[in-house]
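Spelled out, the chains give:
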Amino acid sequence: MKVSDIILGPIIVAIGVIALIAASVQPKPIFGGGYGGGFFPSIIGVGLLGAGLILSWNGWRERAGVPFVAFDGWIRSPRHIANVAVVIGALLFYILASNWLGFIIAGFITLFATLLQFTRSPMRSLVVAAITTLAVKATFQDMLLVPLPWGLLEPYAGVLTWR
Amino acid sequence: MAVIYDAFLALMAPEVLIVVVLSSVFGLFVGAIPGLTATMAVALLVPVTFFMDPLPAIAAIVSASAMAIFAGDIPSVLLRIPGTPASAAYTEAAYRMTLRGQAELVLGVCVVTSAVGGLVGALFLMFFAPAVARFALNISSYEYFWLVCLGLTSAAFISPGSAVKGIISLLLGLLIALIGLFPVTGQPRFTFGSTALYGGVGLVATLIGMFAIAEILRFAMSRDPLPSMAKMKIGNIFKGLMPELWRYRKGFANGIVVGTATGPLPGAGADIAAWISYALSRRFSHNRKEFDEGSLEGIVAAGAANNASVSSSYVPATVLGIPGDSMTAIVIGVLFMKGLTPGPTIFQTQPTLIYGIFLSFILANLLMIPLGYGAIKLSRYILDVPRAYLMPIIMIFCVVGAFAMDNTLTAVVTMLIFGVVGWFMEENGFPIAPALLGIVLGRMLEETFLTSMIKAQGDFLQFFSRPIAGTIGVITILVWVSPILVMLWKRTSGRKVLA
C-alpha cells in the first residue's frame, strides 16, 4: 500500500505538532539550566514538523503523477487479503485469549489457523501446529523457564511439565 | 596476552561452543532463505540469548550474523534472489556464472572470501578496538553527544531512498525512545497512563515486529512465486578455487580493506560495504566487458567486504556504545540487558568478556568454511523448505520471544504494532534502520546532552570548547547543512547556465 507524500506529509506534521503539545505540558525542571522532560521532545517535534512540511511539498510537486493511495496486486486477490487478515487476526486472538486459554491452546489455534490459511492442507497443518506448539512449550516454558500462561490447563500443569 | 588466553578458555567452554555451533547453523538457515535477513536472524535469537551468560549470548549473535551474511550468497547464486540485502550487490553476476555452469566455483569463492574477510575484520577489531578505547577514555559527555549525533545523522543520510524519509524515520525512532521515565527527574513521559510503558517501549519486541512480523506480512501479501532453482548437482566447491582467488588477489584485498573501513562508519552496514567494493572493483576492472557479463572479480571483492564489515562494525559498538547499523544496535541492546554498559571502560571492567567476543568472531569465521560447505551441500533442501509452513512457525516463535522479554502481553502488542508500522514504512520508502538506531540511541543522546548542559550550566558553547568535541561538532553541523549547501550550489550553477 503506497500512500502519496501529499497525505503522509501532513500526518508527519500532525505527529510533530502532537509531540510539541505533549512536550509543552511536561513539568518544568527546578534545576539543570531549565532543560526538562519536554526539551528533547520539542526539538524532535520541530524536526518532524519541518520534515513533514518538506515531504508535503514533495508530494504537492509530484501530485500529477502519483495517486493518493495505490494498492499492490494483493488487494484484488481475496486469498491474499485473507492471508493478511488471518496473520493479524491470529496475533490479536493470541493477545486477547492467551491468558484465558493458556499458551498451549491459544498458541495452537493461532498457529493452526495461519498454517491452514497459507497451506490449505488441514491434516498437515494440524500435525505441524501440534508439534511446533509442543516444541515451543518445551523450549521456552520447560527449558528457559518463561512463564507462558497455563490458562484453562492450569489444573494439569504438573502433568504437562517435565521438570 | 593473559587476558586473551583467559578469553580463549572461556570461549572454549563446551556450553559456549555448543551455543556457537547451534547459532551458526541457525544463522546459515535463516540467511539462506530469501526474505529472512541477517538482522531478523539476530532479532529472533535475542529472546533466547536473554537466558544465557553474556559471553555465549553475544557469541551466539556474532556467529549467527556472520553466517547469515555469508548464507545470503547461496540463494543469490542458485536462485538469483539475495538471501540477505548484503548479497544483493553481486547477485546478478553470481547468477550469470551459475547459468554458465560455474555455480560450484562461485559458491566456493563466496564461502572462502566471506571467511577470510570476516577473519581480517576480526583481527582489525582485536587490535584496533583497544587503541580506540584508550583514546575514548579521555572523551566526555560533550564528545559522546556529538558522536551520537554524527552516527544518527549518517544513518539517516546514508540509508537508501530519500534523505527526508530517512530523517523522519530517525525522528520517529527518537520520539519512541523518549517514552518512559524521564531520566533526570524520574517523571513519566508519554506513557499514556500505562505503567507498562514506564520502562520504555521494549527494544526486542520492536525489533521482532519490524524485522520478522513485517516480513511475515509481506509474505502473506506476496503474489510472486519463488523462481525455480538452477538444477544441478553441487560437487567439490573448492576445485580450482585457489588459482581464481590468486588471479583476483588485488580485488580480494581491496574488498577486505573497503569492508573493514566501512564497518565502523556510522550508518553503513554490510550491504553498503558490498555495494561500495563492488562498484570500486568495477571501476578499476581491466576488463569491464567481462566484468559486466558476470565474473568473479566483483564477487570476490564484495563477498569479502560484507563479512569484513560485520566484524569491524563492532569497534564503535563495543568501544563507544554507538552502533553503526541495526545489527550492532541489537548487540548493544543485549549488552545493556545483561547489565553491561558498552564503552571504553569495558576493557578494564570486563576484559575477558570483550576479548571473548572478539575471539568469537575468529571462531565463527573459521567455522564458516566447514559449516558453510555443509549448508551449500544441503542448499537444495534448505531452499525447498516451504515458506507457507515456515512463516507461521516463525510467527509463533516471535510471539513467545517477545513475551519472554518481560513476561507480559504488552510486548506482544508492541511487536504487532511495530510489525504493521515497519511494513507500512518500508512500503512507503521509509528506511527502518534509522528508526531502530533512534530507538537505541535516543536515551543516550538525551542523557549526554542534559549531562553536558548541567555541567556547562546552560552554556551551549561549551559543546565546542574541547578540541575533539569541537571538531566532531563542526563535522556534524556541516553534515546537517550539506543538503542546503548542495541545493544552493545547484541553484546558483543552474542560474549561471541559464545566463
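Residues numbered from 1 in each chain as written. Chains lettered and ligands numbered in written order. Predicted model: local features only at pLDDT ≥ 70, side-chain atom pairs only at ≥ 80, totals over all residues. Heavy atoms only, no water.

(A) The arrangement of the overall build of chain A in detail. The number of helices and strands found in chain A is 6 helices and 2 strands. Each helix and strand of chain A, placed in order from N terminus to C terminus, yields the pattern β-α-α-β-α-α-α-α. Overall, chain A is about 60 × 55 × 20 Å in size when its C-alpha atoms are taken along their principal axes. Considering chain A as a whole, with its 163 residues, one finds that 44% of them fall into the buried category. Taken as a whole, chain A presents about 8,400 Å² of accessible surface, with 74% of it coming from carbon and sulfur. If the 10 positive side-chain charges of chain A are averaged to one point and the 5 negative ones to another, these points end up 5 Å apart. (Helix = DSSP H or I, 4+ residues; strand = E, 2+ residues; numbered from the N terminus. Buried < 20%, exposed > 50% of the residue type's maximum accessible area, 1.4 Å probe, protein only. Areas by Shrake-Rupley, 256 points an atom, 1.4 Å probe, with all protein chains shown as cover. Lys, Arg positive; Asp, Glu negative; His and termini not counted. Charge placed at Lys NZ, Arg CZ, Asp CG, Glu CD.)

(B) Summary view of the overall build of chain B. Helix and strand counts for chain B stand at 24 helices and 2 strands. Taking 23 Å as the expected radius of gyration for a compact globule of 499 residues, we find that chain B reaches 23 Å, a close match to that expectation. By residue count, 60% of the 499 residues in chain B fall in the buried class. Within chain B, contacts between residues separated by at least 24 positions form 79% of all contacts whose residues are at least 6 apart in sequence. Working note: accessible area of chain B is about 19,300 Å², and carbon and sulfur atoms make up 68% of it. Here chain B holds 29 positive side-chain charges and 23 negative ones, and the gap between their average locations is 9 Å. (Rg over C-alpha atoms; globule rule 2.2 N^0.38 Å. Contact = heavy atoms within 4.5 Å.)

(C) The interface of chain A and chain B, seen in detail. Of the residues lining the interface, 63 residues belong to chain A; the matching set on chain B comes to 56 residues. Buried area between chain A and chain B, summed over both chains or domains, comes out near 5,300 Å², and the portion from carbon and sulfur atoms is 83%. Counting every contact that joins chain A to chain B gives 1 salt bridge. Here Lys165(B) and Asp5(A) are joined by a salt bridge, their closest N and O atoms 3.2 Å apart. Between chain A and chain B we count 7 residue pairs in polar contact (both at pLDDT 80 or more) in total. Put simply, the parts of the chain that give the side of chain A that touches chain B at least two residues each are strand 1 (2–3), helix 1 (5–24), helix 2 (39–61), helix 3 (78–101), helix 4 (103–119) and helix 5 (122–143) of chain A. In terms of residues, the side of chain A that touches chain B owes the most to one element, helix 3 of chain A, which gives 12 residues. Grouping the amino acids of the side of chain A that touches chain B by side-chain chemistry returns 40 nonpolar, 19 polar and 4 charged. (Buried area = accessible area lost by both parts, 1.4 Å probe. Salt bridge = Lys/Arg side-chain N within 4 Å of Asp/Glu carboxyl O. Polar contact = N/O pair within 3.5 Å; in protein donor to acceptor, adjacent residues only side chain to side chain. Nonpolar A, V, L, I, M, F, W, Y, C, P; charged D, E, K, R; others polar.)

(D) How the structure looks around helix 4 (residues 54–71) of chain B. Spanning 18 residues, helix 4 of chain B covers 25 Å between terminal C-alpha atoms, matching the ideal 26 Å at 1.5 Å per step. Along helix 4 of chain B, 17 of the 18 residues are buried, which leaves the element largely enclosed by surrounding structure. (Expected span 1.5 Å × (residues − 1).)

(E) Quick look at the nonpolar core. Core analysis: the biggest nonpolar cluster contains 217 residues, and Ile299(B) and Met415(B) have the highest contact counts within it. Counting residues per element, this core draws most heavily on helix 7 (residues 103–136) of chain B, which supplies 16 residues. (Core = buried A, V, L, I, M, F, W, Y, C linked by side-chain atoms within 4.5 Å.)

(F) Structural context of the pattern of salt bridges. Residues and elements named next belong to chain B. Applying the stated rule across the entire model yields 13 salt bridges over all chains. Taking the shortest distance from any N to any O, the salt bridge between Glu290 and Arg247 comes out at 3.7 Å. With Glu290 in helix 14 (residues 288–292) and Arg247 in helix 11 (residues 241–247), this pair connects stretches of sequence that are 43 residues apart. Through salt bridges that share partners, Arg80, Glu92 and Arg96 make up one connected network.

(G) Summary view of the packing of aromatic side chains. Residues and elements named next belong to chain B. In this structure the tally under the stated criterion is 27 aromatic pairs over all chains. Summarising the aromatic geometry, the rings of Phe347 and Phe358 are spaced 6.2 Å apart at their centres and angled 50° between planes, so their arrangement reads as tilted. Here Phe347 is found in helix 18 (residues 346–349), whereas its partner Phe358 is found in helix 19 (residues 351–377), with 11 residues between them in sequence. Across the pair, exposure class does not vary: Phe347 and Phe358 are buried alike. (Phe/Tyr/Trp six-rings, centres within 6.5 Å; stacked < 30°, edge-to-face > 60°.)

(H) Spatial organisation of helix 15 (residues 296–312) of chain B. All names here are of chain B. In this model, helix 15 (17 residues) spans 24 Å end to end at C-alpha, consistent with the 24 Å of a helix rising 1.5 Å per residue. Burial analysis of helix 15 places 17 of its 17 residues in the buried class, which makes it a mostly covered element. Measuring from the side-chain oxygen of the N-cap residue of helix 15 to the backbone nitrogen of Glu297 gives 3.2 Å; that N-cap residue is Ser295.

(I) Main features of the packing of helix 3 (residues 38–49) of chain B against helix 17 (residues 326–337) of chain B. Residues and elements named next belong to chain B. The interhelical angle for the contact between helix 3 and helix 17, taken along N-to-C directions, is 10°, at an axis separation of 9 Å. Here helix 3 is positioned roughly parallel relative to helix 17, judged by the angle of their axes. Across the interface between the two elements, Ala38, Thr39, Val42, Ala43, Val46 and Thr49 from helix 3 touch Ser326, Met327, Ile330, Val334 and Met337 from helix 17. Across the contact of helix 3 with helix 17, the residue classes tally to 8 nonpolar, 3 polar and no charged. (Axes fitted to C-alpha atoms, helices over the stretch in contact; angles between N-to-C directions. Parallel < 35°, antiparallel > 145°, perpendicular 65-115°, else oblique.)

(J) Layout of a nonpolar patch on the surface. Residue and element names in this part refer to chain B. Taken together, the side chains of Val474, Leu478, Trp480, Val481, Ile484, Leu485 and Leu488 define a hydrophobic patch exposed on the protein surface, amounting to about 620 Å² of accessible area. Within the secondary structure, Leu478 sits in helix 24 (residues 467–498). Given the relative accessible area of 48%, Leu478 is considered partly exposed. (Patch = residues over 30% accessible without salt bridge, like charges linked within 9 Å, V, L, I, M, F, W, Y side chains within 5 Å.)

(K) Local environment of the packing of helix 10 (residues 203–221) of chain B against helix 22 (residues 409–427) of chain B. All names here are of chain B. In the contact formed by helix 10 and helix 22, the axes pass within 7 Å of each other and the chain directions differ by 55°. Considered as vectors, helix 10 and helix 22 are oriented oblique to each other. Helix 22 is crossed by helix 10, and the crossing has right-handed handedness. Of the residues in helix 22, those in contact with Ala205, Thr206, Ile208, Gly209, Met210, Ile213, Ala214, Leu217, Arg218 and Met221 of helix 10 are Ala411, Thr414, Met415, Phe418, Gly419, Val420, Gly422, Trp423, Met425 and Glu426. (Left-handed = near helix turned anticlockwise from the far one by under 90°.)

(L) Molecular detail of the environment of Pro370(B). Residues and elements named next belong to chain B. With respect to the helices and strands, Pro370 occurs in helix 19. Judged by its relative accessible area of 49%, Pro370 is partly exposed. Placed 259 residues apart in sequence, Pro370 and Val111 show a C-alpha to C-alpha distance of 9.3 Å.

(M) Quick peek at the environment of Thr119(A). Mapped onto the secondary structure, Thr119(A) falls in helix 4. Residue classification places Thr119(A) among the buried positions, given a relative accessible area of 18%. Once residues lying within four places of it in the same chain are set aside, the contact partners of Thr119(A) are Ser125(A), Ala388(B) and Tyr389(B).

(N) Focus on the side chain of Thr113(B). In this fold, Thr113(B) is placed in helix 7. Residues within four places of Thr113(B) in sequence aside, it is in contact with Leu245(B), Phe252(B), Val300(B), Gly303(B) and Ala304(B).

(O) Here's a closer look at the confidence of the model for chain A. Counting all residues, the mean pLDDT for chain A is 89, and 95% of those residues have values of 70 or more. Looking over chain A, one finds the lowest element-wise mean pLDDT in helix 6 (residues 157–160) of chain A, namely 82, and the highest in helix 4 of chain A, namely 95. (pLDDT = per-residue confidence, 0-100.)

(P) Seen up close, the side chain of Asp5(A). Mapped onto the secondary structure, Asp5(A) falls in helix 1. Every residue in contact with Asp5(A), bar those within four places of it in the chain, is listed here: Pro10(A), Leu55(A), Ser56(A), Asn58(A), Gly59(A) and Lys165(B).

(Q) Structural context of the environment of Gly118(B). Residue and element names in this part refer to chain B. In this fold, Gly118 is placed in helix 7. On a C-alpha basis, the gap between Gly118 and Ser312 in space is 8.5 Å, while along the polypeptide they are 194 residues apart. With sequence-adjacent residues up to four places away left out, Gly118 is seen in contact with Asn307, Ala308, Ser311 and Asn365.

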